[in-house]
Amino acid sequence: MTFSARREETLFPRYLALVTEMARRLAPLPAERTALELMNEPDQDWFSTFVAMDRWPGQLEALHKAARKAAPDLTLVMTGARGGGGEGLLRLDPKPFAGDANLIWSVHYYEPMAITHAGQPWETTPQRFLTHLPFPARALDAARAERLLAAARRSVEAKVKDAGRRRDLLAALGKALAAYRASDASEATIAADLARVGDWARRHGVPARRVLLGEFGVFRDGADPAARLAILKATRKAAEKQGFLWAVY
């Protein structure tokens, strides 16, 4: 047996026990004011080709069963795989939980990530250095693109000491900039993404008030202030149009 297999076999049962104990402790609290999220951003099924191969649905059922047994009335927050984003939720069939009316379905949304994750100092990716992009993407004209690219290159040269990594990043910056310009990121693309989540809810009989945009936001240090505010506004408006609850992170 490999180390990864041993790790896989031991960690989930231990986490299941933790969720069970947490649900037991929260059970006496007012259900209308207390909620337990069974797992935040489950890092599962990124490379699963077919939905039938996904591991998260079975794990979510196990977590739900354990928590509900320990706390019959507690509000439970559920989510999809692939980091809890829209793609993961859309892959998930909520039918096994149809009999439980006290669920909230959470989705996290951070598009366009070229802006929302720009400048994060714990990353060593093009997004760390290619900062202050405008929103929507069509606002990025050739002159501004050249200025931002030059600034990103200077930042890489100053901050990345490893020559090989520095070379790779310099080569990737132009591609990242081109990808953002081609993305057509706008208020309309954000609205369309969250409309797909709304379609999922309606298709499965999930009330819109039971869908929570549990995280959205923009890393402040690497964002153009106007772009940051525009993305926050566009995402909030798109969530409210669908009737979702929302929380900024």
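Here's what I pulled together on the structure shown here. Keep in mind that this is a model prediction, so the values were computed, not measured.

Calculation criteria
- Residues numbered from 1 in each chain as written.
- Predicted model: local features only at pLDDT ≥ 70, side-chain atom pairs only at ≥ 80, totals over all residues.
- Heavy atoms only, no water.
- Helix = DSSP H or I, 4+ residues; strand = E, 2+ residues; numbered from the N terminus.
- Expected span 1.5 Å × (residues − 1).
- Buried < 20%, exposed > 50% of the residue type's maximum accessible area, 1.4 Å probe, protein only.
- 1 Å grid on protein atoms, 1.4 Å probe; cavity = no way out; pocket = protein on both sides within 12 Å on 5 of 7 lines; lining within 4 Å.
- Points joined across faces, edges and corners; volume = space filled by probe spheres on them.
- Nonpolar A, V, L, I, M, F, W, Y, C, P; charged D, E, K, R; others polar.
- Core = buried A, V, L, I, M, F, W, Y, C linked by side-chain atoms within 4.5 Å.
- Contact = heavy atoms within 4.5 Å.

1. Describing helix α2 (residues 56-70)
Then, number 1: With 15 residues, α2 ought to run about 21 Å at 1.5 Å a step, and its terminal C-alpha atoms sit 21 Å apart, in line with that.
Then, number 2: Among all positions of α2, only Trp56, Gln59, Leu60, Leu63, His64, Ala66, Ala67 and Arg68 are buried.

2. Focus: empty space enclosed by the protein
Then, number 1: Evaluated as defined, the whole model comprises one cavity of 30 Å³ or more.
Then, number 2: The volume enclosed by the largest cavity comes to roughly 40 Å³.
Then, number 3: Forming the boundary of the largest cavity are Asp45, Asp54, Trp56, Pro57, Gly80, Ala81, Gly88, Arg91 and Leu92.
Then, number 4: Secondary structure elements with two or more residues in the lining of the largest cavity: α2 and α3 (86-91).
Then, number 5: A breakdown of the residues in the lining of the largest cavity according to their chemical character gives four nonpolar, two polar and three charged.

3. Brief notes about the nonpolar core
Then, number 1: Grouped together as the largest cluster of nonpolar side chains are 58 residues, with contacts concentrated most on Leu38 and Trp105.
Then, number 2: Here the element with the most residues in this core is helix α9 (residues 225-242); it accounts for six residues.
Then, number 3: If sequence neighbours within four positions are ignored, Leu38 has contacts with Tyr15, Val19, Leu60, Leu63, His64, Ala67, Leu76, Val77 and Met78.

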